[in-house]
Amino acid sequence: MKSTAGPTLCALLAVACGSSSTEPKNPLCSGSGRCIAFTPSAKEPDIAAAFATAKDGDTIVLGAGTYTFTNQLALGTANNVSVVGSGPDRTTLDFQGQRAAGDALFAQSVNNLRYEGFTITNAPGNGIKTLSVTGVTFRSLSVTWTAMDKTDGAYGLYPVQSTNVLIERCAISGASDSGIYVGQSQQVVVRDNEAFGNVGGIEIENSFFGDVHDNQVHDNTAGIHVFDLPALQQEGGHSIRIYSNVIRNNNKANFAAKGDIVGIVPAGTGFFVMANHDVEVFRNTFDSNGTGSAGIISYEVAQMPFTDKNYVEWPSRIYLHDNTYSGGGTQPDVSSQIGLLLTTGTNVYPGGHVPDVLYDGIVDPSAPPGPNPMTICVKEVPTASVCNAHLDKLDLNAPNVSTTIVCDAVPYACTLPPLPPVSFPGLTP
């Protein structure tokens, strides 16, 4: 699209460019406000102006076809806005030529925002980012980078510091950090999505009250992560349920940008929880994740120093139960320091592979003494292997897991009360 200065008349009128105002309302418009509809022949400044000047209750409709953009589409200050396409297989927003701003679509400090029914391709930064939004829905979207394994595009869908977040029926691929990344948010549901070909499939970071379920997470470097990082506005991630997901064949080589913390994650990681408390992981299928199926770790494993005195780096009250495991831990990623370390225990692992559930054993020094001071509970079928790597006892001069690991499920054969489902206004089953 050729850029021109300023909005044109069709962007200021609530009608489709090139259409008569007497035409019936676009069926994709369901809001209480104006229906602002575009076709691929529309000019980029007109579309950008519609985002920037949207009024409360407006619906911006992007009809079937491919739209190309050279700049970010940033929503203004309106509430109850919907941005909808004709479906992810029919409406494509191509940001290959984007020259300014880091996100393809961006919104901040608004309420009740909906994105639905389109594809975003090749954003140089994030696909869709929302910051401090209350009530945001991402539905039936696709975000992809066609040149896989490049460091463009950190996150596909990226709500941060947001509340009442719903991500459903989306497909994300090619992100150099995470396909779906929810950061410092509260009341979150991530369901019925597909994440593949990313470094991280789904990541929940520094967030409170989240349900991640019924997702297909495959062929990433790592499947699903729940973690907490220091020096962020919201810390102490908790009350996260990970359930009924299929986490399969996440063995893709790590292509994260240099310095990114996910760059240390070995290919072949199914799931891990780091430095969170009150996390319930159940009824998931773990299959053929080469480095390992499920890990419970402290931030110390990252070997990144921090000065945040309020940060709690140890996981606690973690409950894994009723999951199924197959084909995992048979080929740790030796290009990663973590993966290489895990190979040193092969001769003592049950069945000769990295255990189905591996705990790093690093505990809060102020925790009460006992065999399970951090309340790590694992109630799986008897055939699932559960081990404590006791990295707290590792000789860093000659690291060898076979000298520290203890494979005994008994200390962790406890249960915790089920976490309650996430609920918020407007959320339906």
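Quick notes on the rules
- Residues numbered from 1 in each chain as written.
- Predicted model: local features only at pLDDT ≥ 70, side-chain atom pairs only at ≥ 80, totals over all residues.
- Heavy atoms only, no water.
- Helix = DSSP H or I, 4+ residues; strand = E, 2+ residues; numbered from the N terminus.
- Rg over C-alpha atoms; globule rule 2.2 N^0.38 Å.
- Buried < 20%, exposed > 50% of the residue type's maximum accessible area, 1.4 Å probe, protein only.
- Contact = heavy atoms within 4.5 Å.
- Areas by Shrake-Rupley, 256 points an atom, 1.4 Å probe, with all protein chains shown as cover.
- Lys, Arg positive; Asp, Glu negative; His and termini not counted.
- Charge placed at Lys NZ, Arg CZ, Asp CG, Glu CD.
- Pairing = 2+ DSSP bridges.
- Salt bridge = Lys/Arg side-chain N within 4 Å of Asp/Glu carboxyl O.

(A) Spatial organisation of the overall build of the protein chain. What the protein chain contains, in helices and strands, is three helices and 31 strands. The C-alpha atoms of the protein chain give a radius of gyration of 23 Å, which matches the 22 Å a tight globule of 429 residues would have. In terms of overall dimensions, the protein chain has C-alpha extents of about 75 × 40 × 40 Å along its principal axes. Of all 429 residues assigned to the protein chain, the portion counted as buried reaches 58%. Taking all contacts inside the protein chain whose residues are at least 6 apart in sequence as the whole, residues at least 24 apart take part in 66%. Split by element, the accessible area of the protein chain, about 17,100 Å² in all, is 53% carbon and sulfur. Taking the 22 positively charged and 38 negatively charged side chains of the protein chain as two groups, their mean positions are separated by 10 Å.

(B) The pairing of strand β12 (residues 163-168), seen in detail. Counting buried residues in β12 gives five out of six residues, a clear majority hidden from the surface. With five bridges joining them, strand β10 (residues 134-144) and β12 adopt parallel strand pairing. When the sheet's bridge partners are listed, Thr137 is paired in β12 with Leu166. Pairing between β12 and strand β15 (residues 186-191): five bridges, direction parallel. Counted as the bridge partner of Thr163 is Gln186 from β15.

(C) Layout of the sheet that holds strand β26 (residues 292-297). Ordered by their spatial adjacency, 11 strands build an open sheet running β4-β7-β9-β11-β14-β17-β20-β23-β26-β29-β31, and the pairing between neighbours is parallel. The sheet is open, and its two borders are formed by β4 (73-74) and β31 (386-388), each paired with just one other strand. Pairing of β4 with strand β7 (residues 103-108) involves two bridges; the strand directions are parallel. Within β7, the residue paired with Ala74 across the bridge is Phe106.

(D) Main features of the pattern of salt bridges. For the structure shown, the criterion picks out nine salt bridges. A salt bridge links Arg169 to Glu168; the nearest nitrogen and oxygen atoms lie 3.9 Å apart. Given a relative accessible area of 47%, Arg169 falls into the partly exposed group. A relative accessible area of 5% places Glu168 in the buried class. The shortest N-O distance in the salt bridge between Arg248 and Asp287 comes to 2.8 Å. A residue pair is termed long-range when its members are at least 10 positions apart, and Arg248 in strand β22 (residues 246-248) and Asp287 in strand β25 (residues 285-287) qualify at 39 residues.

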